[in-house]
Every structure is written in structure tokens, then in C-alpha cells.
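Close look at the chain arrangement
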Amino acid sequence: SLEAITAGSISHLVERRSTLPGAHGLLSAEDARALVDQLLNADSLHGVVVLGINRFDELVERRGSAFANESLGKLYGAVRSLGGGFAVAQVGSAELAVIVRAPSTVKLYGWAQKVVQAAAESTEKSIELAGGVYDPAFRWKAAPGDTTSLIARHALDYARYAATLGDEVEGRVAQFSP
């Protein structure tokens, strides 16, 4: 039975290839961090988007692990349906990270909103989704005296943090800024 598969396991539901050279299929969180470092070293990181299902444990309890995994698989499918030039990693039981290689014409924030909308529609809006974006080109308006500097190798963490705020904003996607 599909209910016997651990909640958050989707590798059996997704393809095994990637559209980004050097990244194959659904990457692990460790592989995603290594890829971010590799792209940064080559000055080729366009950005990172993290997309996830909110209150995943409640969803599993309410609808079962098979439904929860299928929903996460549909989120993955929505990511893949909107283009290429990126790698996808599972960075949490209910979170996918999309690592986009430069040069890219993808407008990360708008793209993430489209993915959230497509995934919501594919699940008949039966799950709550949110996303977070780290775009190194995004410039925030710093307060006077603010000397915050971001370390780009933490791009995945910044996007994950922004995703925790996604359900609080219109469009369900938050842009990371300090």
C-alpha cells in the first residue's frame, strides 16, 4: 500500500533526470548545497527558490501519507512544467528547492508565484503552499546605519527562511531580504 511509504518520500514519483548539467533528478539537501557552492564558484548562480507545503504533518494526519506524497509530487510536477535550466532538491519533508543557473531570464519571484498557483490548481487547492526566493540581484532598501551583508553561499537558507513567511503575503511567495 502507498500509505506504507514514509510521508515526504517522493523519489518514487519523480523522474531521475535534471535539466541542469551536473545535477541529476531530485537532489538531496547536501547535493543542493554543493551545487550552490559550485555555481557560486563559477559565478553562475541566478538564484534559489524554496517551495513547500505548509502544515505538512497535519495534512498527513488528516489525509494520509499517500495523499501528502502525491501532493508533494504535484508540486514537483508544477516546478518541472514551467521550464528548465535548474535543479530541484528535496530539502525537507515538505520542501523543494529550485536552484537556477545564470544566465537566466527567469524572474524568480513571478516564476515562484506561478509554480505555487499551478501546484494549488493541480491539487484542487486542497493543500496550503508557500514559497521563498533568494535573488542575489534583489536590492533591499537598507535602514540608515544598516551594514548587513549577505553571504551568497547561504542562498538556500535565505530562501528557506523566506518560505516560512510565504503564507503571510499575497501570492504566497516571499522575497528574502534582511
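Below you will find a few notes about this structure. (Residues numbered from 1 in each chain as written. Predicted model: local features only at pLDDT ≥ 70, side-chain atom pairs only at ≥ 80, totals over all residues. Heavy atoms only, no water.)

What follows is about the nonpolar core. Val 49, Leu 51, Ile 53, Leu 75, Val 79, Val 98 and Leu 129 are the most contacted members of the largest nonpolar core, which has 29 residues in total. Sorting the residues of this core by element identifies strand E2 (45-53), helix H2 (56-63), helix H3 (65-81), strand E3 (86-92), strand E4 (95-101), helix H4 (108-122) and strand E5 (129-134) as the ones contributing at least two each. Contacts of Val 49, omitting those with residues within four sequence positions, involve Leu 96, Ala 97, Val 98, Leu 108, Trp 111, Ala 112, Gly 132, Val 133 and Ala 159. Judged by nonpolar contacts, the second largest core, of 23 residues, contains Leu 35, Val 48, Ala 97 and Tyr 134. (Core = buried A, V, L, I, M, F, W, Y, C linked by side-chain atoms within 4.5 Å. Buried < 20%, exposed > 50% of the residue type's maximum accessible area, 1.4 Å probe, protein only. Helix = DSSP H or I, 4+ residues; strand = E, 2+ residues; numbered from the N terminus. Contact = heavy atoms within 4.5 Å.)

Our next topic: the packing of helix H1 (residues 29-41) against helix H5 (residues 155-165). Where H1 meets H5, the axes come as close as 9 Å, and the angle between the chain directions of the two elements is 120°. Judged by the angle between their axes, H1 and H5 are oblique. Of the residues in H5, those touching H1 at Ala 29, Ala 32, Arg 33 and Val 36 are Ala 155, Leu 156, Asp 157 and Arg 160. Its residues placed into classes, the contact of H1 with H5 shows five nonpolar, no polar and three charged. (Axes fitted to C-alpha atoms, helices over the stretch in contact; angles between N-to-C directions. Parallel < 35°, antiparallel > 145°, perpendicular 65-115°, else oblique. Nonpolar A, V, L, I, M, F, W, Y, C, P; charged D, E, K, R; others polar.)

On to H5, then. For H5, every residue scored as buried is listed here: Ala 155, Leu 156, Tyr 158, Ala 159, Ala 162 and Ala 163. Taken down its axis, H5 places every buried residue within 160° of arc, on the same side. Buried-residue contacts for H5 involve H1, E2, E3, E4, E5 and strand E6 (173-175). (Arc of directions from axis to C-beta.)

Before going further, it helps to spend a moment on the pairing of E5. Most of E5 sits out of view: six of its six residues are buried. Here E5 shows two buried faces, one formed by Leu 129, Gly 131 and Val 133 and the other by Ala 130, Gly 132 and Tyr 134. Pairing of E2 with E5, which is carried by six bridges, proceeds in the antiparallel orientation. From the neighbouring strand, Val 49 faces E5, where its bridge partner is Val 133. With three bridges joining them, E5 and E6 adopt parallel strand pairing. Across the sheet, the residue bridging to Gly 131 is Val 173, located in E6. Since E5 and E6 lie parallel, the crossover through H5 that links them has a hand, and here it is left-handed. (Pairing = 2+ DSSP bridges. Right-handed = clockwise from strand over helix to strand, strands pointing away.)

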